[in-house]
Amino acid sequence: MTTTRPDTKTTLDHLLTEIEHRNPAQPEFHQAAREVLETLAPVLAARPEYAEPGLVERLVEPERQVVFRVPWQDDRGRVHVNRGFRVEFNSALGPYKGGLRFHPSVNLGVIKFLGFEQIFKNALTGLGIGGGKGGSDFDPRGRSDAEVMRFCQSFMTELYRHIGEHTDVPAGDIGVGGREIGYLFGQYRRITNRWESGVLTGKGAGWGGSLIRPEATGYGNVLFAAAMLRERGEDLEGQTTVVSGSGNVAIYTIEKLTALGANPVTCSDSSGYVVDEKGIDVDLLKQVKEVERGRVGTYAERRGASARFVPGGSVWEVPADVALPSATQNELDAEGATALIRNGVKAVSEGANMPTTPDAVHLLQSAGVAFGPGKAANAGGVAVSALEMAQNHARTSWPATRVEDELAAIMTNIHTTCHDTATRYGAPGDYVTGANIAGFERVADAMLAQGVI
Ligand code: GLU
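A short tour of the structure in this document, coming up.

Conventions adopted
Residues numbered from 1 in each chain as written. Predicted model: local features only at pLDDT ≥ 70, side-chain atom pairs only at ≥ 80, totals over all residues. Heavy atoms only, no water. Phe/Tyr/Trp six-rings, centres within 6.5 Å; stacked < 30°, edge-to-face > 60°. Helix = DSSP H or I, 4+ residues; strand = E, 2+ residues; numbered from the N terminus. Buried < 20%, exposed > 50% of the residue type's maximum accessible area, 1.4 Å probe, protein only. Core = buried A, V, L, I, M, F, W, Y, C linked by side-chain atoms within 4.5 Å. Contact = heavy atoms within 4.5 Å. Salt bridge = Lys/Arg side-chain N within 4 Å of Asp/Glu carboxyl O. 1 Å grid on protein atoms, 1.4 Å probe; cavity = no way out; pocket = protein on both sides within 12 Å on 5 of 7 lines; lining within 4 Å. Points joined across faces, edges and corners; volume = space filled by probe spheres on them. Nonpolar A, V, L, I, M, F, W, Y, C, P; charged D, E, K, R; others polar. Pairing = 2+ DSSP bridges. Right-handed = clockwise from strand over helix to strand, strands pointing away. Axes fitted to C-alpha atoms, helices over the stretch in contact; angles between N-to-C directions. Parallel < 35°, antiparallel > 145°, perpendicular 65-115°, else oblique. Left-handed = near helix turned anticlockwise from the far one by under 90°.

Thoughts on the packing of aromatic side chains
Aromatic rings considered in pairs are described by the distance between their centres and by the relative angle of their planes.
Piece 1. For the coordinates displayed, the defined rule picks out 17 aromatic pairs.
Piece 2. Judged by centre distance (5.1 Å) and plane angle (75°), the rings of Phe 116 and Phe 120 are edge-to-face. With Phe 116 and Phe 120 both in helix 5 (residues 108-124), this residue pair falls four residues apart, about one helical turn.
Piece 3. On the accessibility criterion, Phe 116 (0% relative accessible area) is buried.
Piece 4. Feature note: the residues Phe 68, Trp 72, Phe 102, Phe 138, Phe 151 and Phe 155 constitute an aromatic cluster, connected by ring pairs.

See below:
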């Protein structure tokens, strides 16, 4: 790649064209890079040191990308071959940090988009963590525990040589929760013959995991939404909220919303969505999704008269004051945003990574809706992962109240940073610009100080 001086919108546009050319067939990565680079023009103009040739070009190129074969046998003895990935994107601020996603949609472009987002998200936490992401196109749905265990063991048999508590620290994401982290950790420990608890986060509370880590992404997003509302003189109490998804992020988003007096009326999965006028019963949802690994339709069947299951359909049609997309990328499109705006939504806060399409973000912001981008709003998960690493390093574990207090302080701080940075760069109320520039500044300063590497 040639080095350009990206001090104007034109040079950033040129760089984006080059990124598309050099990374063919990776639309999610193009989208994530475009979304960040489009907001950087004011900071590159204001701070000439950031326009140094090669800085932005280095930022969009992962430091290392690992792609590997993952063979495993199902319960009938049939051999399957999946593909494993770990993209170590940027380590200027600390060891690579980011989750593993097991889902059939995973490919290198998806992992690169997630890893790129993670750099800025992790920088916004203010903690010492670089950005990375990994995963596999393995589909855990319908697989027995034994099959998932054999898959995780095979995956780690290659991954172990690339990770370590001071090198790269994976965690969960879609399809990777406590069960998978357990199997992955066991295999790492067996291969290396080391008790290296800081090599993975999201571990069980009895063997090195942090309390509040399972709750952290959802809780953190609700705190971020509350902070955006407070900025407008409102709070969450009594607000009808729409949540998409029914995995780890959605469940703890619903739990926190209920605790703060809001009424979360929906959840969803790929089969459709549930509307529950009385508010989602989070214990029932946990039972159906986490214990039984079932579908949201079962929740509606068991819940009784207040809930109905809508197969297919868009959850964004449900009238709400606040929406928290917590499923997956590009789940909230222009049509969904139009429906939310029509129904008077005041705030949208992203629990998932890049769930809102660029045109939907534009529509929401133009309509004056407070919009919290995932790299700020859902940073609570990785922040508590970094707190888990700190506890592991000190061979201690903190009480839940301490972790929750630290999470709340981190989320407040991220909100203030994004808010103030947006104002400073002439985009008041634009949390996308604020998050991108604030994350960029921290990473860029470290990269400049550490030289051309
Ligand atoms: N997968 C989560 C995220 O998107 C958490 C990553 C971590 O805890 O390392 O931020």
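Past the structure itself, the notes keep going.
Re the nonpolar core
Considering soluble globular proteins, one finds that nonpolar side chains tend to be buried as a cluster.
Piece 1. Membership of the largest hydrophobic core comes to 49 residues, with the highest contact counts inside it found for Phe 224, Leu 236, Val 274, Tyr 299 and Ile 414.
Piece 2. Counting residues per element, this core draws most heavily on helix 8 (residues 213-231), which supplies eight residues.
Piece 3. When residues no more than four places from it in sequence are discounted, the contact partners of Phe 224 are Ser 349, Gly 372, Ala 376, Ala 377, Met 411, Ile 414, His 415 and Tyr 431.
Piece 4. Formed by 39 residues, the second largest nonpolar core is a distinct cluster that contains Ala 33, Val 43, Ile 111 and Ile 437.

So, the pattern of salt bridges
Piece 1. According to the stated counting rule, one finds 29 salt bridges in the structure shown.
Piece 2. Between Lys 133 and Asp 173 there is a salt bridge, with its nearest N and O atoms 3.0 Å apart. Taken together, the positions of Lys 133 in strand 4 (residues 131-136) and Asp 173 in the loop between strand 5 (168-171) and helix 7 (178-192) put the pair 40 residues apart, joining distant regions of the chain.
Piece 3. Residues joined in a network through salt bridges with shared partners are Arg 47, Glu 49, Arg 424 and Glu 441.

Notes on the layout of surface pockets
Piece 1. Considering only enclosed or pocket space, the second largest pocket measures out at about 470 Å³ in volume.
Piece 2. For the second largest pocket, the lining is made up of 22 residues, of which Glu 35, Glu 38, Pro 358, Val 361 and Val 432 are closest to its centre.
Piece 3. Every element with two or more residues in the lining of the second largest pocket is listed here: helix 2 (27-37), helix 13 (358-366), helix 14 (374-377) and helix 17 (431-450).
Piece 4. A per-class count over the lining of the second largest pocket returns six nonpolar, nine polar and seven charged.

Looking at the sheet that holds strand 6 (residues 240-243)
Piece 1. On the basis of which strands lie adjacent, the open sheet formed by five strands has the order 7-6-11-12-13 and parallel pairing. At either end of the open sheet lies a strand with only one pairing partner, and these are strand 7 (263-264) and strand 13 (370-372).

Let's talk about the environment of Tyr 188
Piece 1. Secondary-structure assignment places Tyr 188 in helix 7.
Piece 2. The class of Tyr 188 is buried, set by a relative accessible area of 4%.
Piece 3. The spacing of Tyr 188 and Gln 153 is 35 residues in sequence and 8.4 Å in space, taken between C-alpha atoms.

Considerations on the pairing of strand 3 (residues 96-102)
Piece 1. The buried fraction of strand 3 is high, at seven of seven residues.
Piece 2. As paired strands, strand 3 and strand 5 are joined by four bridges and run parallel to one another. By the bridge assignment for strand 5, Gly 99 is matched with Ala 171.
Piece 3. What joins strand 3 to strand 4 is helix 5, and the crossover it makes is right-handed.

Notes on the packing of helix 15 (residues 380-393) against helix 16 (residues 400-424)
Piece 1. Helix 16 packs onto helix 15 with a crossing angle of 135° between their chain directions and a minimal axis gap of 10 Å. With respect to their mutual orientation, helix 15 and helix 16 come out oblique. Two packed elements cross with a definite hand, and for helix 15 against helix 16 that hand is right-handed. For the pair formed by helix 15 and helix 16, the contact residues are Gly 380, Ala 383, Val 384, Leu 387 and Gln 391 on the first element and Val 403, Glu 406, Leu 407, Ile 410 and Met 411 on the second.
Piece 2. Along the lines of polarity and charge, the residues of the contact of helix 15 with helix 16 split into seven nonpolar, two polar and one charged.

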